[in-house]
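The lines below spell out each chain.
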Amino acid sequence: MTRSQTIADDLPNLWLLSDERNDGALEQAIARLPRGSGFVFRHYHLTLTDRRTRFASLLPLLRAGSHWAIASTTPEIALGWGADGVYGAAAEQPRAEAKWIATAHDAEEISAANHVAVDAVMLSPVFPTRSHPDAKVLGTDGFHRLARASACPVIALGGMNAERAKQLNWPRWAAIDGLS
């Protein structure tokens, strides 16, 4: 079994993303996640030093729940923080040994993710979202069209919650507000 197959088999179905809006409720949100879920630490509003400190405060909770701890930063920084991997655009980083969840919003970014063989793609925005209120949404058909073009597992993001995941008929999804 290859590294990619092993990661795809273990890839969580449910993902919580962090940002400034849900920072105060993260401990409770992490505690509610099903065992073995995924967590993407973004917290772009903090300095790098403060981001590291906040990530370190959450890491024991993530480990206790057997959650994937993914940080939106460089592979070197993420691994130095004790993260399992990185989150970001495929065009922004060289391939690393860390798990890599790429961001994608269109066919070009799916192609870039395929080219560097990321472990999974977070495809967004599927539905209207508070994070990007003016963004053009993919909708159900657009999401499925792009997901079919991906060589790796796809995680739906953007306006997602349990009801929308059922509407989309997609097993893997991520949210900020929908899980906070």
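Every chain begins its residue count from 1, and numbering advances along the sequence as written. Reporting of local features is limited, given that this is a predicted model, to residues whose pLDDT is at least 70; pairs of side-chain atoms are given and counted only at 80 or more, and all residues count toward the totals for whole chains, interfaces and linings. Computation of side-chain values covers all heavy atoms of the structure but excludes hydrogens and water.

**A few points about unusual backbone geometry**
Of the consecutive residues serine 124 and proline 125, the connecting peptide bond is found in the cis state with omega at -10 degrees. Of note, proline 125 is situated in the loop between strand 6 (120-123) and helix 6 (139-148). One non-glycine residue, alanine 117, adopts positive backbone phi at about 55 degrees. A run of DSSP states H or I qualifies as a helix once it reaches four residues; a run of E qualifies as a strand once it reaches two. Both are numbered from the N-terminal end. By secondary structure assignment, the location of alanine 117 is in the loop between helix 5 (107-116) and strand 6. Only protein chains enter the accessibility calculation, which uses a 1.4 Å probe. A residue is then buried if its area is under 20% of the maximum for its type, exposed if over 50%, and partly exposed in between. A relative accessible area of 41% places alanine 117 in the partly exposed class. The residue asparagine 169 is not glycine, and still its phi comes out positive at about 60 degrees. Relative to the assigned elements, asparagine 169 resides in the loop between helix 7 (162-168) and strand 8 (173-175).

**Some remarks on the nonpolar core**
Counting residues in each nonpolar core, the largest one holds 42 residues, and the members touching the most others are Leu123 and Phe143. Ranked by residue count, the leading element in this core is helix 3 (residues 48-64), at four residues. The contact rule is simple, with two residues in contact once any of their heavy atoms fall within 4.5 Å. Contacts of leucine 123, omitting those with residues within four sequence positions, involve Ala104, His105, Ile110, Leu138, Phe143, Leu146, Ala147, Val154, Ile155, Ala156 and Leu157. Counting residues in hydrophobic clusters, the runner-up holds 14 residues, among them Trp15, Val40, Leu157 and Ile176. Throughout this description, the term nonpolar core refers to a set of buried Ala, Val, Leu, Ile, Met, Phe, Trp, Tyr and Cys residues connected via side-chain atoms within 4.5 Å.

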